[in-house]
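# An overview of the molecular structure
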Amino acid sequence: MIQNLVSLALVASGLCVGQQLDLSSLDKLAEKAKESSVITLDQDKIAMASGLLDNGNANAKEIVKGLKGVSVRSFEFAEKGAYSMADVEAIRKQLTAPGWSKVFEVKDGNEMVQMWFFSVKDQGAMALITAEPTELTVVHLTGPADLAALGKLARLAGVSNLPKQLTGEGRNKDKGKTQDDEN
Amino acid sequence: MNSREENLVRSALRRVDPPAGFAERVLARLPAEKSGRKWYAMRGWRLALMPQWAPAAAVLLIAGVVLGSWEAHQIRERKAKAEQAKVELLEALQITSAKIQYTRGRVFRALTAAQNKGGLL
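Because the structure is predicted, anything quoted here is derived from the model rather than measured.

### Points about the overall build of chain B
Scanning chain B for helices and strands turns up 5 helices and 0 strands. Counting from the amino terminus, helix and strand elements in chain B follow one another as α-α-α-α-α. Within the span of chain B, comprising 121 residues, buried residues form 19% of the whole. Carbon and sulfur atoms provide 62% of the accessible area of chain B, an area that totals close to 9700 Å².

### Notes on the side chain of Thr142 of chain A
All names here are of chain A. With respect to the helices, strands and loops of the structure, Thr142 is situated in strand S6 (residues 135-144). Relative accessible area serves as the criterion here: at 4%, Thr142 is assigned to the buried category. In this structure Thr142 touches Gln19, Gln20, Gly66, Leu67, Lys68, Gly69, Gly124 and Ala125, once residues within four positions along its chain are discounted.

### As for the pairing of strand S5 (residues 123-132) of chain A
Sheet faces and side chains relate simply in a regular strand, where the side chains alternate between the two faces. All names here are of chain A. Summarising burial for S5: 10 of the 10 residues are buried, a large majority. Residues Gln123, Ala125, Ala127, Ile129 and Ala131 line one face of S5 and the alternating positions Gly124, Met126, Leu128, Thr130 and Glu132 line the opposite face, and both faces are buried. With 9 bridges connecting them, strand S4 (residues 111-120) and S5 associate as antiparallel partners. Looking at S5, one finds that Phe117 is bridged to Met126.

### Overview of the pattern of salt bridges
Two side chains with opposite charge may pair up if their charged atoms get near one another. Residues and elements named next belong to chain A. Evaluated as defined, the whole model comprises 12 salt bridges over all chains. Among the salt bridges present, the one from Asp87 reaches Lys28, with a minimum N-O distance of 3.7 Å. Here Asp87 is found in helix H4 (residues 85-94), whereas its partner Lys28 is found in the loop between helix H1 (2-18) and strand S1 (35-42), with 59 residues between them in sequence.

### Looking at the packing of helix H2 (residues 43-52) of chain A against helix H5 (residues 54-116) of chain B
With their axes 8 Å apart at the nearest point, H2 of chain A and H5 of chain B run at an angle of 90 degrees to one another. Taken together, the axis directions place H2 of chain A and H5 of chain B in an arrangement best described as roughly perpendicular. Of the residues in H5 of chain B, those in contact with Lys45, Ile46, Met48, Ala49 and Leu52 of chain A of H2 of chain A are Arg78, Lys79, Lys81, Ala82, Glu83, Ala85, Lys86 and Leu89 of chain B. Residue composition of the contact of H2 of chain A with H5 of chain B, by class: 7 nonpolar, no polar and 6 charged.

### Brief notes about the environment of Met48 of chain A
Mapped onto the elements of the fold, Met48 of chain A is located in helix H2. Judged by relative accessible area, which is 30%, Met48 of chain A ranks as partly exposed. Excluding anything up to four places from it in sequence, Met48 of chain A contacts Arg78, Lys81 and Ala82 of chain B.

### Some points on the nonpolar core
Membership of the largest hydrophobic core comes to 29 residues, with the highest contact counts inside it found for Val70 of chain A together with Leu89 of chain B. The element contributing the most residues to this core is H5 of chain B, with 9 residues. What Val70 of chain A contacts, discounting residues up to four positions off in sequence, is Ile39, Thr40, Leu41, Ile46, His140 and Leu141 of chain A together with Leu89 and Ala92 of chain B. Residues Leu23, Phe77, Ala127 and Ile129 of chain A belong to the second largest nonpolar core, which totals 22 residues.

What counts, and where the lines are drawn
- Residues numbered from 1 in each chain as written.
- Chains lettered and ligands numbered in written order.
- Predicted model: local features only at pLDDT ≥ 70, side-chain atom pairs only at ≥ 80, totals over all residues.
- Heavy atoms only, no water.
- Helix = DSSP H or I, 4+ residues; strand = E, 2+ residues; numbered from the N terminus.
- Buried < 20%, exposed > 50% of the residue type's maximum accessible area, 1.4 Å probe, protein only.
- Areas by Shrake-Rupley, 256 points an atom, 1.4 Å probe, with all protein chains shown as cover.
- Contact = heavy atoms within 4.5 Å.
- Pairing = 2+ DSSP bridges.
- Salt bridge = Lys/Arg side-chain N within 4 Å of Asp/Glu carboxyl O.
- Axes fitted to C-alpha atoms, helices over the stretch in contact; angles between N-to-C directions.
- Parallel < 35°, antiparallel > 145°, perpendicular 65-115°, else oblique.
- Nonpolar A, V, L, I, M, F, W, Y, C, P; charged D, E, K, R; others polar.
- Core = buried A, V, L, I, M, F, W, Y, C linked by side-chain atoms within 4.5 Å.

This is the structure:
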């Protein structure tokens, strides 16, 4: 009985930690980068920041309502080959933890895009990795398990219907929506 | 110095005991003792007029000023941190939005390519 409880607690704690990603392995790339953004905001900082968002940032205020954490690592390099996929591997390895699922992956030559979602009970997260020859960006958002809530950012950019399109569901309708969003 | 002068000096400088009750009379005439105030509170007429709770009030005032300054400093620091967090948050949202748009373009290109090949869709 006790063993079961302990293993249950371990699994639960593993899942709670599972949505967290440690992006610090990428921080060393900032030295090589021409431009870099290393941002880590926890719930307290987000609350502090959202308190200062005025009506001019209404969209941002709405988006950050349910956010519990934001981490961004974005690097722009002067030359190709300044980073390797081994640098990204440490992040991808963490995304194999229970609860994470890959929404899509696009590989095209030297470019790679991956989007991951985490959803366990009331815990949710999103991870986006974009690797271009001279740019590498990893975005990690944690918040509610409601994917629609996490997708608010995507809606802002007009891509909320991506998963539907990938499955081919309601293609024309979605296409129309996307064009609207683009405008 | 001759012996007469020396004797005069000796006699002038010889130890003489005070009259009886001298010390009590001196102490009784001290104003601080009469009013019950501390001797250091009686230096100058301003200090003599100072009530006994004044030092405590001064300490409280100084403590209030120090605490007030510290609190104001904390508020300024919190505000600066919040401003910094706001800038970082907006930058993070901007990068995220831009990268999602980039992602969208990549996915559509991939879908279009698949469609042209008559594959996936």
